Amino acid sequence: MSTPDPNNPNFSVQVGEQRSQGIELDIGGEILPGWNVVASYAYTDARTTEDNAIEVGNFLANVPENQVSLWTTYEIQEGSLQGLGFGLGLFYVGERQGDLDNSFQLDNYLRTDAALYYRKGRLNAAINIRNLFDVRYYDFSYGRSYSQVGDPFAIIGSISWRF
């Protein structure tokens, strides 16, 4: 990893090292005909292991220790509404450091997404809603001077035809 050159701040030198290790668990399946669920959990320990400017042991910026997600969909299997489906997803991102000095943290957040879709033959039509409750959150930070605000409430429509 490049770090600031202690003899000339306009240059960088290759002396830094970082380590990221953890575990990710995913499970998914069909609970009942038409009802699908996918759940995920990730634990990440990401730290500086060697550096001339950053304290060894500091957490890496923008890397949460804990992330959890749950996405579920239900599609009607028979009758006049066959092919109509609904989805709901929850996405939790834990607090994380805003810079390599670990001088501030970005807060955790829980975002909710939703979907309404219809599939018939080759036709697919969908309305996807991101950030259903318009939660204000930060995706990542470039240090104290700038943190990227996450996407606000948005509705995205799509229609496709498979050949």
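None of these values were measured; they are calculated from a predicted model.

A. Spatial organisation of the overall build of the chain. Regarding its fold elements, the chain presents zero helices and 13 strands. Written out in order from the N terminus, the α and β elements of the chain read β-β-β-β-β-β-β-β-β-β-β-β-β. For 163 residues, the compact-globule estimate of 2.2 N^0.38 gives 15 Å, and the C-alpha radius of gyration of the chain, at 21 Å, exceeds that figure by more than 25%. Dimensions of the chain, computed from C-alpha atoms along their principal axes, come out at roughly 75 × 35 × 30 Å. Counting all 163 residues of the chain, 28% fall into the buried class. Looking at the chain alone, contacts between residues at least 24 apart form 49% of all its contacts between residues at least 6 apart. Just so you have it, the chain exposes about 10,600 Å², and 56% of that area is on carbon and sulfur atoms.

B. Structural context of the side chain of Ser141. Turning to its location among the elements, Ser141 is positioned in strand 11 (residues 138-141). From its side chain, Ser141 meets the backbone nitrogen of Gly143 in a polar contact 2.9 Å long. For Ser141, the contacting residues outside a window of four places in its chain are Asn62, Gly98, Phe104, Leu106, Tyr146 and Ser147.

C. Focus on the pairing of strand 3 (residues 17-32). Bridging between strand 3 and strand 4 (residues 35-50) involves 15 bridges; their strand directions are antiparallel. Bridged to Gly29 within strand 4 is Val37. Here strand 3 hands over to strand 4 after two residues, with Gly34 in that stretch at a positive phi of 90°.

D. Just the pattern of salt bridges, in detail. For the structure on display, the rule yields four salt bridges. With a closest N to O distance of 2.7 Å, Arg47 and Asp45 form a salt bridge. Residue classification places Asp45 among the buried positions, given a relative accessible area of 11%. The partner of Arg111 in a salt bridge is Asp113, and the shortest N-O contact between them spans 2.8 Å. Linked through salt bridges whose partners overlap, the residues forming this network are Arg19, Asp45 and Arg47.

E. Region of the structure containing the pairing of strand 6 (residues 84-93). In this sheet, strand 6 lies alongside strand 5 (residues 66-75) in antiparallel orientation, the contact comprising nine bridges. Opposite Trp71, over in strand 6, you have Gly89 as the bridge partner. In terms of strand pairing, strand 6 meets strand 9 (residues 109-120) through 10 bridges, oriented antiparallel. Note that in strand 9 the partner of Leu84 across the bridge is Tyr118.

F. Examining the side chain of Thr73 more closely. Within the secondary structure layout, Thr73 lies in strand 5. Residues contacting Thr73, with those up to four places away along its chain left out, are Gly34, Trp35, Asn36, Phe86, Gly87 and Tyr117.

G. Fine view of the sheet that holds strand 6. Strands sit in the order 3-4-5-6-9-10-13 across an open sheet of seven strands; the sheet is antiparallel. Unpaired on one side and paired on the other, strand 3 and strand 13 (154-161) mark the two borders of the sheet. Averaged over neighbouring strand pairs, the angle between their axes works out to 10° when direction is ignored. In terms of strand pairing, strand 4 meets strand 5 through nine bridges, oriented antiparallel.

What counts as what
- Each chain has its residues counted from 1, running along the sequence as written.
- Thresholds applied to this predicted model are a pLDDT of at least 70 for local features of residues and 80 or more for the giving and counting of side-chain atom pairs; totals over whole chains, interfaces and linings are not thresholded and use all residues.
- As a rule here, side-chain values come from all non-hydrogen atoms in the structure, and water together with hydrogens is ignored.
- Secondary structure elements follow DSSP: runs of H or I no shorter than four residues count as helices, runs of E no shorter than two count as strands, and numbering proceeds from the N terminus.
- We compute the radius of gyration from the C-alpha atoms alone; for a globule the expected value is 2.2 Å times N to the 0.38, where N is the number of residues.
- Exposed residues in this analysis have more than 50% of their type's maximum accessible area, buried residues have under 20%, and partly exposed residues fall in between, with area computed by a 1.4 Å probe over protein chains only.
- Should any heavy atoms of two residues lie within 4.5 Å, those residues are considered in contact.
- Calculation of accessible area relied on Shrake-Rupley with a 1.4 Å probe; when residues are assessed, cover is drawn exclusively from the protein chains displayed.
- Think of a polar contact as two N or O atoms within 3.5 Å of one another; within protein, one of them needs to be a possible hydrogen donor and the other a possible acceptor, and neighboring residues in sequence only count if both atoms come from side chains.
- Criterion used throughout: strands pair if DSSP finds at least two bridges between them.
- Salt bridges, as used here, are contacts in which a Lys or Arg side-chain nitrogen is within 4 Å of a carboxyl oxygen on Asp or Glu.
- The axes are straight lines fitted to the C-alpha atoms, using for helices just the contacting stretch, and the angles between their N-to-C directions are given from 0 to 180°.

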